[in-house]
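The primary structure of each chain is shown beneath.
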Amino acid sequence: MPAAQAVKPDAILHEISELWNNMTKPQPGEAPEEYSSGSLRACAMTLIVFINDEDDPRALDGTLEAVMRAHPNRAIVVRLKEDGDELESRVSARCWMPVGHHREVCCEEIAITASLNRLVDVPGIVGPLAAPDVPRVVWFRSPRLESAPDISPLLNLTDKIIVDSERPGAPAFADLRVLSQVGHIVADLAWTRLTKIRELVAQLLDGRELGAIGNAFIDFSGTEASPGARYMQAWFRSEIPGIDAALHRIDTAGRGEMKAIRIDPDLNIQLGPNCAEYEIGTLRQRANLPECADCDLLREELNIMTHDGAFERALQRMSVWIPRS
Amino acid sequence: MLMSQASTLQDLLRFHRKTPPCTAVIFGANGDLTRRKLMPALYRLAWEGRLAPGFAIIGLSRTPLSNEAFRQLMRDSVAKFLEDSPFDEDLWNSFAQGLFYMPGDVGDHSTFQRLADCLREVEQSRQTGGNTLFYLSTQPSQYAEIVEGIGAAGMAKEDGGWKRVIIEKPFGHDLTSAKELNARLQKVLDERQIYRIDHYLGKETVQNILAFRFGNGIFEPLWNRRYIEHVQITAAESIGVEGRGGYYQEAGALRDMIQNHLLQVVATIAMEPSATFSPDAVRDERAKLLRSIHVMKPEEVAANTVAGQYGPGRVGGGQVVGFREEKGVRPDSQTETYAAVRFMIENWRWANVPFYIRTGKYLPKRVTEVAIHYRSAPLAVFRNEFGDNSQAMPNLLILRIQPEEGISLKFVSKHPGAGMTLRPVSMDFNYGSAFGERSPSAYETLLLDAIIGDATLYTRQDMVEASWTAVQPILDYWSTQKFPFPNYPAGAWGPAAADEMLSRYGHAWRRP
Ligand SMILES: NC(=O)c1ccc[n+]([C@@H]2O[C@H](COP(=O)([O-])OP(=O)(O)OC[C@H]3O[C@@H](n4cnc5c(N)ncnc54)[C@H](OP(=O)(O)O)[C@@H]3O)[C@@H](O)[C@H]2O)c1
């Protein structure tokens, strides 16, 4: 097993400068013209991602690349290993040519591999590497952080913390609530997945006296309701005064996902793959609800760098935590 | 007053602005614009869930068609012209339930009475609450007649829901005809019900410029005659009239680009900060600016304007014909395909700062930009000591609009190494829209804005008339001239007279 090396932030920053110097050197014969073909270095935030070392790197690459196009960022990807004594870093750039443009856009990426016993060193490395004066966001995707003795130094590095309670190893609602209560901006991608459905419900109930709505049922399939279904229930409870919002199991076949939303007296939304069929009064229509990939959800969250009132109110209403396995 | 509880479910951080239910009535529903642009845009809005349930469309034109035949025609057009989005048959079927057609001639009064009846039926069955958006997608000569028909049948009255009318450009062909059109429209409609399309500057761009100017503390103090020497606005097209020679011959570059679009750019660049960011507050300031443009006296026009017309030339490695050889164009046409104008703005902020505007067909590249030329540093310290004159290069701030929206700041820096030589460098910023996200088509944005009641992208009567007032003396003077056309070859940066005009004032056109 190789001995753990020291990873020095200054050396990594130097490597990044070198990388840019090489990339922006004019090619032989190329004039340093105004609309030259050189690369445009773009950075609007630092995105720190914790993943398991063995996770499929291509899936994450695709997500990061898609996110960068909307939110150019310095990505710091920390790959956590269960065992060993390892701490390494590597610097690279991701470039793409926007459609119809003649100048490529590039963002830098720093990959750090750390074994769990070296997690303690990570904040001291990631902190100085974050780009100055722009927001820092951390996306916790590695369940290994659960076993970390103290992750508060990591939390203090960032302006926003993103988790996904639909993934194994996510923190409990109560933990998110604590983070939110002590002032952190938190997000849960299980909530982000609901945006389109919530928007449809809001549109369909537009103009109604909300206080007059008595009951809502959220039908789900599975032994326990998914975090998404629970968030929907919590949202109704927090936003519609006096509503009786109930989770209703229709069968045990699924993984707890929502199948329908029924709201008194005449709104019935049936959720299918990528769409919803709804009936309201005499109207019967279809709405498009495309499934969101991680990159879509992250893009939405990275647009929001303030406290999200609706989410925080719903979070306060969340009780039961049934971890995904 | 009790606050309505209806808005409680709105999540302003995440949801789009909500759209009220309404019926859109399209005049000219069998035409090119409806098939290519309007219907695909409306379908796409439905695909994105941006339309309220029950949203309905009534198409009207002379050709007899049943509802079913109209739906089929529109289905085929949407499937054909839908850009960068999938066509979903199930969603279309749901959308098409709200599509209706009524044959009728707008020259016949009874058409409007029948339309009013049809509208009432659709409102009831689709629960649209009486909100109605009329879209005039017919020839401009029919605009006033249609609006009068709407008024006579009682469809403009806002006694149950709002009524709005969208009008395509052009709004008149000179100041007199624009005033005449406005007067006829306003006999029937309140100005706030009229939505005149002028979307050259997409909303994003207008908002980006305003955000740049008024959201940053450091630029606005430098945004005046004390620091700015002059401003250049270029809207260059690398193509010719592309088969629209007949239409273009009646318009020309001044009417087609400067009167409407480029004066809107000037207004956005030079307006005073508005008290709020509401569409009307911003439009008030833009209108005020347009009214401050110096109206040239006839004797001032020759020295401050240049007309050009392209002749044959080489473009993109191929030979192209001159404007007078284009189909539908008279061989002695006096229509300008290039125009350059030096406008002056008569207010305290901009007194004596020229705004040079140029636009043309078959210029070397497609580019739209605003270049703010700052005054030079007051003392050329480096030239004295090191024999370098780079300091004579003033700072330039470029607001790039097309093809890549962004901002560049040019300044000088020291060349690395020994010696004190300076070189110009550029600091660039590209807007998010350049990063590959799908941006909605202009018609999606326009239709949605009109349904929501956001008039930022639409121009008002006072703006239209103020900009006609600014260009009318030029139109009048040019109509008396016999220009030695063609005076620039296709593929060049316009006629030599345009360079001479600037050099007379001690300036030179930037090569974008
Ligand atoms: N096409 C574009 O891409 C485009 C772009 C920007 C602006 N515009 C403007 O949009 C407007 C429409 O353009 P367009 O290209 O769609 O024109 P178009 O193809 O000529 O369509 C006009 C439509 O109006 C209908 N019509 C004509 N006379 C009528 C009457 N007396 N009563 C009722 N309907 C009548 C015609 O259908 P019937 O024969 O069935 O009556 C035709 O479908 C014009 O003002 C144009 O300047 C068009």
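Residues numbered from 1 in each chain as written. Chains lettered and ligands numbered in written order. Predicted model: local features only at pLDDT ≥ 70, side-chain atom pairs only at ≥ 80, totals over all residues. Heavy atoms only, no water.

Chemist: Even after reading the chapter, I still don't get the overall build of chain A, so can you show me in this structure?
Modeler: What chain A contains, in helices and strands, is ten helices and 14 strands. With the principal axes as the frame, chain A shows a C-alpha extent of 70 × 50 × 35 Å. When burial is assessed residue by residue, chain A has 53% of its 325 residues classed as buried. Sequence separation of at least 24 residues holds for 76% of the intrachain contacts in chain A that already meet a minimum separation of 6. If you sum the accessible surface of chain A, you get close to 14,200 Å²; carbon and sulfur atoms cover 49% of it. For chain A, the distance from the average position of its 34 positive side-chain charges to the average position of its 49 negative side-chain charges is 2 Å. (Helix = DSSP H or I, 4+ residues; strand = E, 2+ residues; numbered from the N terminus. Buried < 20%, exposed > 50% of the residue type's maximum accessible area, 1.4 Å probe, protein only. Contact = heavy atoms within 4.5 Å. Areas by Shrake-Rupley, 256 points an atom, 1.4 Å probe, with all protein chains shown as cover. Lys, Arg positive; Asp, Glu negative; His and termini not counted. Charge placed at Lys NZ, Arg CZ, Asp CG, Glu CD.)

Chemist: In this structure, what is going on with the nonpolar core? I would like to understand it.
Modeler: Note that soluble globular proteins tend to have their nonpolar side chains buried in a common cluster. Ranked by internal contacts, the top residues of the largest apolar core, which has 112 residues, are Phe-27, Trp-223, Ile-258, Leu-263, Phe-343 and Phe-355 of chain B. Sorting elements by how many residues they give to this core places helix H9 (residues 253-270) of chain B first, with eleven residues. Not counting residues within four places of it along the chain, the set of residues in contact with Phe-355 of chain B comprises Val-231, Val-266, Ile-269, Ala-270, Val-341, Arg-342, Phe-343, Ile-345 and Trp-350 of chain B. With 77 residues, the next largest nonpolar core counts Phe-140, Leu-200, Ala-225 and Ala-310 of chain A among its residues. (Core = buried A, V, L, I, M, F, W, Y, C linked by side-chain atoms within 4.5 Å.)

Chemist: What's the story with the sheet that holds strand E10 (residues 244-251) of chain A in this structure? I'm lost.
Modeler: As a general point, the strands of a sheet are linked pairwise by backbone hydrogen bonds and lie either parallel or antiparallel. All names here are of chain A. Here six strands make up an open sheet; going across it, the order is E10-E9-E11-E12-E13-E14 and the pairing mixed. Both outer strands of the open sheet, E10 and strand E14 (283-288), are each paired with one neighbouring strand and no more. Between one strand axis and the next, the sheet turns by 20° as a mean value, whatever way the strands run. As judged from the four bridges shared by strand E11 (residues 257-263) and strand E12 (residues 267-272), these two strands associate in the antiparallel manner. Paired with Arg-262 across the bridge in E12 is Asn-268. (Pairing = 2+ DSSP bridges. Axes fitted to C-alpha atoms, helices over the stretch in contact; angles between N-to-C directions.)

Chemist: Sorry, what's going on with the interface of chain B and chain A here?
Modeler: As a measure of interface size, the accessible area lost when the parts come together is often cited. Taken together, the contact pairs 39 residues of chain B with 50 residues of chain A. Taken together, the links from chain B to chain A amount to six salt bridges. Arg-14 of chain B is paired through a salt bridge with Asp-308 of chain A; the nearest N and O atoms lie 2.6 Å apart. If you look at where chain B meets chain A, you find twelve residue pairs in polar contact (both at pLDDT 80 or more). Only helix H3 (89-96) and strand E17 (422-430) of chain B provide two or more residues apiece to the side of chain B that touches chain A. Ranked by residue count, the leading element in the side of chain B that touches chain A is H3 of chain B, at three residues. (Salt bridge = Lys/Arg side-chain N within 4 Å of Asp/Glu carboxyl O. Polar contact = N/O pair within 3.5 Å; in protein donor to acceptor, adjacent residues only side chain to side chain.)

Chemist: Sorry, what's going on with empty space enclosed by the protein here?
Modeler: Rolled over the atoms, a probe as big as a water molecule pinpoints where empty space is left. All told, the structure shown has seven cavities of 30 Å³ or more when counted by the stated rule. Taken together, 31 residues form the lining of the largest cavity, with Leu-200 of chain A together with Ala-46, Gly-49, Arg-50 and Leu-51 of chain B sitting closest to its centre. Broken down by element, the lining of the largest cavity gets its largest block of residues, six residues, from helix H7 (residues 195-204) of chain A. For the lining of the largest cavity, the residue count by class is 14 nonpolar, nine polar and eight charged. One number sums up the size of the second largest cavity: a volume of about 80 Å³. Asp-198, Tyr-200, Leu-201, Val-206, Gln-264, Arg-283, Arg-286, Thr-456, Leu-457, Tyr-458, Thr-459 and Met-463 of chain B together form the lining of the second largest cavity. Contributions of two or more residues to the lining of the second largest cavity are made by helix H10 (279-291) and strand E18 (458-459) of chain B. In terms of residue class, the lining of the second largest cavity is built from six nonpolar, three polar and three charged. (1 Å grid on protein atoms, 1.4 Å probe; cavity = no way out; pocket = protein on both sides within 12 Å on 5 of 7 lines; lining within 4 Å. Points joined across faces, edges and corners; volume = space filled by probe spheres on them. Nonpolar A, V, L, I, M, F, W, Y, C, P; charged D, E, K, R; others polar.)

Chemist: I keep staring at the sheet that holds strand E13 (residues 355-360) of chain B and nothing clicks. Help me out?
Modeler: Residues and elements named next belong to chain B. If you walk across this open sheet you meet the eight strands as E8-E12-E13-E7-E14-E15-E16-E17, and the pairing is mixed. The strands lining the two open edges of the sheet, one partner per strand, are strand E8 (305-308) and E17. Taking the axes of each pair of neighbouring strands and ignoring which way they run, one obtains an average angle of 15° across the sheet. Bridge count between strand E15 (residues 396-402) and strand E16 (residues 406-414): five bridges; the pairing is antiparallel. Bridge pairing in E16 places Arg-400 opposite Gly-406. Docked against the sheet, H9 engages strand E7 (228-236), strand E12 (338-343), E13, strand E14 (367-374) and E15, running at close to 140° with respect to E13. Across the sheet, helix H15 (residues 496-504) touches E7, E8, E12 and E13, and the angle it forms with E12 is around 10°.

Chemist: What am I meant to see in the environment of Thr-8 of chain B here?
Modeler: With respect to the helices and strands, the residue Thr-8 of chain B is situated in the segment before strand E1 (23-27). Apart from residues no more than four positions distant in its own chain, Thr-8 of chain B is found in contact with Leu-210 and Glu-239 of chain A.

Chemist: Where do I start with the state of the cysteines in this structure?
Modeler: As used in these notes, a disulfide is a covalent bond between sulfur atoms, one from each of two cysteines. All names here are of chain A. Considering all chains together, one arrives at one disulfide over all chains under this definition. Between Cys-95 and Cys-106 runs a disulfide, and the two sulfur atoms are separated by 2.1 Å. Where Cys-95 bonds to Cys-106 through sulfur, the torsion about that S-S bond is close to 110°, and the disulfide is right-handed. On the criterion of sequence distance, the pair formed by Cys-95 in strand E4 (residues 87-96) and Cys-106 in strand E5 (residues 105-115) is long-range, its members being eleven residues apart. With a relative accessible area of 31%, Cys-95 lands in the partly exposed category. Accessibility expressed as a relative area gives 0% for Cys-106, which makes it buried. Cysteine Cys-107 is unpaired, with the sulfur of Cys-43 as its nearest cysteine sulfur at 7.0 Å. According to the relative accessible area criterion, Cys-107 is buried, its value standing at 0%. (Disulfide = S-S within 2.5 Å.)

Chemist: Would you explain the pairing of E16 of chain B in this entry?
Modeler: In the case of a regular strand, side chains alternate between the two sheet surfaces. Residues and elements named next belong to chain B. Turn length for the E15-E16 hairpin, with the two strands adjacent in sequence and antiparallel, is three residues. Sheet topology note: the E16/E17 ladder contains nine bridges and is antiparallel. Paired with Gly-406 across the bridge in E17 is Asn-430.

Chemist: Just to check I follow, could you spell out the domain arrangement of chain A for this structure?
Modeler: Residues and elements named next belong to chain A. According to the domain assignment, chain A contains domain 1 (4-158) and domain 2 (192-316). The gap between the C-alpha centroids of domain 1 and domain 2 is 35 Å. Listed per partner, the contact involves eleven residues of domain 1 and seven residues of domain 2. Across the interface of domain 1 and domain 2, roughly 850 Å² is buried in total on both sides, 80% from carbon and sulfur atoms. Where the side of domain 1 that touches domain 2 is concerned, the elements lending two or more residues are strand E2 (45-52), helix H2 (57-70) and strand E6 (136-140). It is H2 that contributes the most residues to the side of domain 1 that touches domain 2, four residues altogether. Taken together, the residues that form the side of domain 1 that touches domain 2 break down as eight nonpolar, two polar and one charged. (Domains from an automatic or database assignment. Buried area = accessible area lost by both parts, 1.4 Å probe.)

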